[in-house]
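Below, each chain spelled out in residue letters.
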Amino acid sequence: MPNLRTRLLDNVYLTYLPAAKFKTDFLSAQFITPLRRETAGLGALLPAVLQRGTERYPNMQQLSAALDLLYGANLQHSVRKRGESQLWGFIATCVDDAYLPEGEGLLEQLTELMGEVLCRPLLEDGLLSEAYVASERTNLIDLIRSSINEKRAFAARRLLEEMCAGEAYGVSHLGEEETVAAITPAALTAYYRRALAGDRLELYYCGRAERERVEAAFRHALRHLPRQGESAIAPVAPHPARAEARVIREQMDVSQGKLCLGYSVGSEDKSAMVVCNAMFGGTSNSKLFLNVREKLSLCYYASSTYHRSKNMVTVSSGIESANYQKAMDEIGRQLRAMQEGDWEDWEFTAAKSSLSNSYRSLSDSASRMEDFYMGQTAIGGRETTEELLEELLQVTPERVAAAAKTIRLDTVYFLTGKEDGAHA
């Protein structure tokens, strides 16, 4: 990302996006670590514990009061999965100095507070607070348990777990209940110290402040950060395609069946695949939406997602269990239409227009821009939004059809009600 991202300290990089149209400064500090089943729970738990208190502000009440003094600045922890990496850290916002009395220096004060939360947490006998670890461990377990209640997201996650079994991409960024329940203050503190010393730290700023000021503020705020040289972000391993599609059926107390399909992609023309996915099931003008859902009423919803870093496509749909085979057949028919170039000109044009608008609208949101660039870094991407848009505009119908021909069914996941098992 030329002119945007610079090395600030050892293993610390800053993405700087000047934006005069926003009245707030948006800051982010995210550690990027390989996503592993045995450590995902630690990475998900750690930022929540760190936010509970620091040496200077030992509890949430005092920390909140300090933020209130910064004209209601906001600081929140975050945990994400991008590619095969787990991102954990903090996101903060504050009013830009242009709208405050002269000399306030909110940027410096907020980055200093972020640095304190990261580098000077409350410790008891050299360990993270036992009470805070226990409380946040319970909260995280509750969050993991509650994820099963949203069946659409649950089914989509189960597809990835089964399709990418043995791959980091199939691991949940929240970890698993069993591993989280076993986390002790000693184990979490050891993980914290390793991360602080060795993991890549990516910083992000979007606002009006000059680049030199932002760099100086972060350098000062992170002066206590221990660093042990550079570490590379693990590249995302492509998903190995199966010779024969695998089918997984599970039963649960659900009133609506969830049919999720996973496809491997052989083409490296990723810009063409972005357009292909938009035409197939990525927009409200797509084949899955207009035909499978609207015209034939086989699905309550039907959409597709292109996983660019893994070169996979997944389809998510909600169906009556009795329509399982009809839905399977029709989704396959729509994919074949893509592979044979069987579409109207307006479908191609509408897909590119929708994607173009999506890329262009990213700059309207500092948080969306942060998520985009953090994701780019985590998967080894270096293109800006402008560069990706330019690549998109060069895609031709012939390239879309050629890319679509490399799509192969890999995994089928079907979640059905217990009384509907016979229909599967």
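Keep in mind that this is a model prediction, so the values were computed, not measured.

Visitor: Give me the lowdown on the environment of Ala237, citing residues and values where you can.
Guide: Looking at the secondary structure, you find Ala237 in the loop between α8 (211–221) and β9 (246–252). Along the chain, Ala237 and Gly262 lie 25 residues apart, while their C-alpha atoms are 17 Å from each other. Discounting residues that sit within four places of it in the chain, Ala237 has contacts with Glu84, Glu167 and Lys310.

Visitor: Residue-level account of the pairing of strand β11 (residues 301–307), with values.
Guide: Counting buried positions over the seven residues of β11 gives five, a clear majority of the element. Where β11 and strand β12 (residues 312–319) come together, seven bridges link them in antiparallel fashion. From the neighbouring strand, Ser303 faces β12, where its bridge partner is Ser316.

Visitor: Tell me about the pairing of strand β2 (residues 12–18), and please be specific about residues and values.
Guide: Burial of β2 is extensive: six of the seven residues sit out of reach of the surface. Here strand β1 (residues 5–9) pairs with β2 via four bridges, running antiparallel. Along β2, the bridge assignment pairs Leu9 with Val12. Connecting β1 to the antiparallel partner β2 that follows it, the hairpin turn spans two residues, and Asn11 within it adopts a positive phi of roughly 65°. Judged from the seven bridges that link them, β2 and strand β8 (residues 200–207) form a sheet pairing that is parallel.

Visitor: Quick rundown of the environment of Asp371? Include the residues and the values.
Guide: Here Asp371 is to be found in helix α13 (residues 366–379). For the pair formed by Asp371 and Glu390, sequence separation is 19 residues and the distance between their alpha carbons is 20 Å. Leave out the neighbours within four places in its chain, and Asp371 touches Arg80 and Arg82. Reaching out from Asp371, the side chain makes a polar contact with the side chain of Arg80 at a distance of 3.0 Å. Separated by 2.6 Å, the side chains of Asp371 and Arg82 make a polar contact.

Visitor: Break down a negative patch on the surface for me, with residues and values.
Guide: Together, Glu340, Asp342, Glu344 and Asp345 give the surface a local cluster of negative charge. Tracing the backbone shows Glu340 in the loop between α11 (324–339) and α12 (345–361). We classify Glu340 as exposed; its relative accessible area is 62%.

Visitor: Tell me what's going on with the sheet that holds strand β5 (residues 85–95), and back it up with residues and numbers.
Guide: Strands in a sheet are paired, the pairing made by backbone hydrogen bonds, and the direction either parallel or antiparallel. Here six strands make up an open sheet; going across it, the order is β1-β2-β8-β3-β5-β4 and the pairing mixed. Two strands lie at the open edges of the sheet, namely β1 and β4 (74–82), each paired on one side alone. Averaged over neighbouring strand pairs, the angle between their axes works out to 25° when direction is ignored. Examined bridge by bridge, strand β3 (residues 24–34) and β8 share seven bridges and lie antiparallel to one another.

Visitor: Tell me about the packing of aromatic side chains, and name the residues and values.
Guide: For the structure shown, the criterion picks out five aromatic pairs. Each ring, one from Tyr324 and one from Phe414, has its centre 4.7 Å from the other, and the planes form 40°; the classification is tilted. Highlighted residues: Tyr324 in helix α11 and Phe414 in strand β13 (residues 407–417), separated in sequence by 90 residues. Of note, Lys81 hangs over the ring of Tyr169, and the distance from its end group to the ring centre comes to 4.9 Å.

Visitor: Residues and numbers for helix α7 (residues 185–198), please.
Guide: With 14 residues, α7 should cover 20 Å at 1.5 Å per step; its first-to-last C-alpha distance of 20 Å lies within 8% of that length. All of the buried residues along α7 are Pro185, Leu188, Thr189, Tyr191, Tyr192, Ala195, Leu196 and Ala197. Buried positions along α7 lie against β3, α1 (40–50), β5, α3 (106–119), β7 (127–128) and α4 (130–146).

Visitor: Go over the nonpolar core, please, and point to the residues and values.
Guide: Counting residues in hydrophobic clusters, the biggest one holds 60 residues, and the most contacted among them are Leu259, Val275, Ile331 and Val400. Considering every element that reaches this core, the biggest residue donor is helix α9 (residues 270–282), with eight residues.

Visitor: Any chance you could break down the pattern of salt bridges for me, citing the residues and the numbers?
Guide: In total, this model carries 30 salt bridges according to the counting rule given. As a salt-bridge pair, Asp97 and Arg213 come within 2.5 Å of each other at their nearest N and O atoms. Taken together, the positions of Asp97 in the loop between β5 and α3 and Arg213 in helix α8 put the pair 116 residues apart, joining distant regions of the chain. Looking at Arg213, the relative accessible area reads 24%, which means it is partly exposed. One network of salt bridges, with partners in common, ties together Arg157, Arg158, Glu161, Glu162, Arg246 and Glu250.

Visitor: Provide a residue-level description of the side chain of Lys258, including the pertinent values.
Guide: Within the secondary structure, Lys258 sits in strand β10 (residues 257–265). Summary of buried charges: Lys258 has no salt-bridge partner, and the nearest side chain of opposite charge, Glu150, is 6.1 Å away. Polar contacts involving the side chain of Lys258 include one to the side chain of Gln256, which spans 2.8 Å. Here Lys258 is in contact with Lys151, Arg152, Ala155, Tyr301, Ser317, Tyr413, Phe414 and Leu415, once residues within four sequence places are set aside.

Thresholds applied
Residues numbered from 1 in each chain as written. Predicted model: local features only at pLDDT ≥ 70, side-chain atom pairs only at ≥ 80, totals over all residues. Heavy atoms only, no water. Helix = DSSP H or I, 4+ residues; strand = E, 2+ residues; numbered from the N terminus. Contact = heavy atoms within 4.5 Å. Buried < 20%, exposed > 50% of the residue type's maximum accessible area, 1.4 Å probe, protein only. Pairing = 2+ DSSP bridges. Polar contact = N/O pair within 3.5 Å; in protein donor to acceptor, adjacent residues only side chain to side chain. Patch = residues over 30% accessible without salt bridge, like charges linked within 9 Å, V, L, I, M, F, W, Y side chains within 5 Å. Areas by Shrake-Rupley, 256 points an atom, 1.4 Å probe, with all protein chains shown as cover. Salt bridge = Lys/Arg side-chain N within 4 Å of Asp/Glu carboxyl O. Lys, Arg positive; Asp, Glu negative; His and termini not counted. Charge placed at Lys NZ, Arg CZ, Asp CG, Glu CD. Axes fitted to C-alpha atoms, helices over the stretch in contact; angles between N-to-C directions. Phe/Tyr/Trp six-rings, centres within 6.5 Å; stacked < 30°, edge-to-face > 60°. Lys NZ or Arg CZ within 6 Å of the ring centre and 35° of its normal. Expected span 1.5 Å × (residues − 1). Core = buried A, V, L, I, M, F, W, Y, C linked by side-chain atoms within 4.5 Å.

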